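# Chains, contacts and geometry: an overview
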Amino acid sequence: VFLNAHTTSRRSSPSPASSYPVQKTSLQKILHIIHKYTKFFCILFLLTTVLYTGKEYLQYRPTYSSQITFTVTKEINGYTYFRYNTEAVEKISNTFSYLLNSQPLRDKMEADLGMNYLPATLSLSKVPSTNMFTVKASASNPEDAYRTILAFEKNYATFSRILLEDATLTLIEE
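With that settled, the discussion passes to the overall build of the protein chain. Counting its regular elements, the protein chain contains six helices and five strands. Seen in sequence order, the protein chain has helices and strands lined up from the N terminus as α-α-α-β-β-α-α-β-β-α-β. Buried residues in the protein chain amount to 25% of all 174 residues. Long-range contacts, defined as pairs at least 24 residues apart, comprise 70% of the intrachain contacts of the protein chain with a sequence gap of at least 6.

Here we take up a nonpolar patch on the surface. Taken together, the side chains of Leu27, Ile30, Leu31, Ile33, Ile34, Tyr37, Phe40, Phe41 and Leu44 present a nonpolar region at the surface, about 860 Å² in accessible area. Looking at the nonpolar patch, the elements that each hand over two or more residues are α2 (26-36) and α3 (38-59). Among the elements that line the nonpolar patch, the one with the most residues is α2, at five residues. Summarising the element assignment, Leu27 is placed in helix α2. Looking at Leu27, the relative accessible area reads 56%, which means it is exposed.

This part is about the pairing of strand β4 (residues 132-139). Both strand β3 (residues 121-126) and β4 contribute to a ladder of six bridges, which runs antiparallel. Bridge assignment links Lys126 to a residue of β4, and that residue is Phe133. The antiparallel hairpin formed by β3 and β4 contains five residues in its connecting segment, where Ser129 sits at a positive phi of about 60 degrees.

Turning next to the nonpolar core. Residues Phe70, Phe96, Met109, Leu122, Phe133, Val135 and Phe152 are the most contacted members of the largest nonpolar core, which totals 22 residues. Those elements that provide at least two residues to this core are β1 (64-76), α4 (82-100), α5 (103-113), β4 and α6 (142-164). The element contributing the most residues to this core is α6, with five residues.

On to the pattern of salt bridges, then. Summed over the entire model, instances satisfying the criterion amount to two salt bridges. Across the pair Glu56 and Lys55 runs a salt bridge, and its minimum N-O distance is 3.1 Å. Judged by relative accessible area, Glu56 falls into the partly exposed class, the value being 35%.

Rules and cut-offs
Residues numbered from 1 in each chain as written. Predicted model: local features only at pLDDT ≥ 70, side-chain atom pairs only at ≥ 80, totals over all residues. Heavy atoms only, no water. Helix = DSSP H or I, 4+ residues; strand = E, 2+ residues; numbered from the N terminus. Buried < 20%, exposed > 50% of the residue type's maximum accessible area, 1.4 Å probe, protein only. Contact = heavy atoms within 4.5 Å. Patch = residues over 30% accessible without salt bridge, like charges linked within 9 Å, V, L, I, M, F, W, Y side chains within 5 Å. Areas by Shrake-Rupley, 256 points an atom, 1.4 Å probe, with all protein chains shown as cover. Salt bridge = Lys/Arg side-chain N within 4 Å of Asp/Glu carboxyl O. Pairing = 2+ DSSP bridges. Core = buried A, V, L, I, M, F, W, Y, C linked by side-chain atoms within 4.5 Å.

Encoded structure:
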């Protein structure tokens with residue numbers, strides 16, 4: 001017996017979830033990309049870290065310094081006044097920086113060191129709210145910094161008399 005079956009199908013309206021493709025949010029897209037390229041990002045991070053560390057290691061140059069500290073005093077009628085001395089250090093430190101870069105002082109220091117150049121850089125800084133200032137020699141070699149500051153200490157007085165007027169510099173720390 002052959003049965004002819006006739007089936008009727010019900011047509012229903014398509015459901016909204018099945019008829020439209022699922023849209024991914026921006027965050028989902030980003031997370032998918034990160035998940036997909038995790039190994040790449042890890043290798044990139046490690047490579048960047050190794051290259052940066054290597055560059056810093058190869059370019060590192062230690063700097064050594066030696067310094068001396070002076071006090072500035074001016075006497076008025078046999079008395080020293082702190083306020084007047086702090087004003088004097090302002091004036092003297094402003095003009096003393098010219099002395100550090102003056103060619104006659106540099107020539108004399110180079111002669112004492114037996115070189116035709118200064119192996120260290122000289123700088124001057126005031127100690128805030130005091131009547132003191134510091135001269136520092138910085139170099140890539142500790143011996144050069146020390147020898148340069150000693151040459152400065154030996155020769156600054158010859159060239160600073162004009163700058164000091166009636167003030168006195170006293171070396172307090174070497």
